[in-house]
Structures are given as structure tokens and as C-alpha cells.
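Overview (structure and organization)
The lines below spell out each chain.
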Amino acid sequence: GAGVSQSPSNKVTEKGKDVELRCDPISGHTALYWYRQSLGQGLEFLIYFQGNSAPDKSGLPSDRFSAERTGGSVSTLTIQRTQQEDSAVYLCASSTGLAGLLAPHNEQFFGPGTRLTVL
Amino acid sequence: AQRVTQPEKLLSVFKGAPVELKCNYSYSGSPELFWYVQYSRQRLQLLLRHISRESIKGFTADLNKGETSFHLKKPFAQEEDSAMYYCALVRRGGATNKLIFGTGTLLAVQP
């Protein structure tokens, strides 16, 4: 159907609370990415899921951040005990095809993002 | 370390003027570079990739390995070109191909 969708579009929370952000990738896309977009910081890679492989979590900034991808489709990014510095736009993207040294890079299709504000 | 540098946070030009958005990279292998664009209230989307050597919306970008640059150029800017532009580099490794983004340049085309 439509492109990548994310919910909620905006989330305001209090410091110390947990939040969950959801991403619905394009149907059939095996790769799913989470990024964080902050003013002056560009786009920061957080985590990457590819098919049934173990996710690449190397971009997660702390152990308060975690993500799951259920059934190879929907993904949830969870931030525990939120801090003010977590305020940002969280973007999800999906793409088709394989990763690896010989694989061509496949265009990433981005969702509209979730704007998180931690008070 | 792999890195993408966009030195300008903001580039303001007048309509009809030439535009050059700078991008420099550091990468030990053969780089694969892209420009992504985000128009106001729209999603981030791919603009062009160096491997295709294409021109999209009048924009071109040439990979210069000697200068490690991939600057985005357009001879005559239009108001609708106003947007946030991100240069990105693919970092390949194992099962992961990551896109490494620069910090972005906001292009403002004045009437």
C-alpha cells in the first residue's frame, strides 16, 4: 500500500517515563532502519534489521534504547527512562534486497517520523 | 573512520543563481555516495546516487576521489529547490550496509 508509516507523529513525555515508537515498513521490504534526527547533528543511525539476521544495534546511544521487529514487519523502538537529550525526530526507513559487500545499495524509503519531546 | 562532512549549515542564494552544496567524505574503500533531500513537511527521499551519473531536477553531483568530494550542483536555482539536503555514504560491512549521513545543509532560494 502506502509508504512507510510511523506512529505517533508527535509524543510529549516527562523525563523518566518510557516511550514506544512504532514503524510499519513497506510490505515486502526486508530491511528496516531507525535513525534519530537532531538539530545540528544530522541523521544518526540507531539500529538496523535485515530479514532474520541478528539486528545491528551498534548505533544505539545507551542501554535505555532498544528495538524489536516482530514477524519481520512492524518494528517498535523503546526508550526507557527518557531524558531531555532524547528529544529529537525519530525516523524509520525500509528497503528491499540484501546487505553485504557485494549487494547493491537499495534506496531507503523514509517514514514521516515521530517528534519526541521530553520535558 | 568513515565520515561525511557538510560544512555549510545554511546556504542562501537568489533564484537563478548557481548552487553548490558541499560534501566531503572519508572512506577507506570505494565509496558509494548519495544525496537525499527533505522538502518542507515532506519525507526524506533519495535525490540522486553517484553510481547512476544522473541529473535529477537539474541537480548533478560528481564524485571526485582525489578531493574526496561529492558536491551537489545546479546551474540555476529555483524557489522550489529550497529544502534540507543530506549527503550520505554507504558503509559496507558483514550483513549490514549502513548509510552514514552528513549533518545536512539547508538551501534557501530567495525570490
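All of the points below concern the structure found in this document. All values reported here derive from a predicted model rather than from experimental measurement.

Conventions used here
Residues numbered from 1 in each chain as written. Chains lettered and ligands numbered in written order. Predicted model: local features only at pLDDT ≥ 70, side-chain atom pairs only at ≥ 80, totals over all residues. Heavy atoms only, no water. Helix = DSSP H or I, 4+ residues; strand = E, 2+ residues; numbered from the N terminus. Rg over C-alpha atoms; globule rule 2.2 N^0.38 Å. Buried < 20%, exposed > 50% of the residue type's maximum accessible area, 1.4 Å probe, protein only. Areas by Shrake-Rupley, 256 points an atom, 1.4 Å probe, with all protein chains shown as cover. Lys, Arg positive; Asp, Glu negative; His and termini not counted. Charge placed at Lys NZ, Arg CZ, Asp CG, Glu CD. Disulfide = S-S within 2.5 Å.

Thoughts on the overall build of chain B
Each helix and strand counted, chain B has 0 helices and 11 strands in total. Listing the helices and strands of chain B from first to last along the sequence gives β-β-β-β-β-β-β-β-β-β-β. Taken over the C-alpha trace, chain B has a radius of gyration of 14 Å; the compact-globule value for 111 residues is 13 Å, and the two agree within 12%. Structurally, chain B occupies a C-alpha span of about 45 × 30 × 25 Å along its principal axes. Here chain B holds 111 residues, and 47% of them are scored as buried. Accessible surface, chain B: about 5,500 Å² in total, of which carbon and sulfur atoms supply 50%. For chain B, the separation between the mean place of its 15 positive charges and that of its 9 negative charges on side chains is 8 Å.

Here we look at the state of the cysteines
Residue and element names in this part refer to chain A. In the structure shown here, the tally under the stated rule is 2 disulfides over all chains. Disulfide partner of C23: C92, at an S-S distance of 1.8 Å. With the S-S dihedral at roughly -65°, the linkage between C23 and C92 falls on the left-handed side. Residue C23 is found in strand β3 (residues 19–24), and its partner C92 is found in strand β8 (residues 88–95); the two are separated by 69 residues along the sequence. Taken as a pair, C23 and C92 share a single burial class, namely buried.

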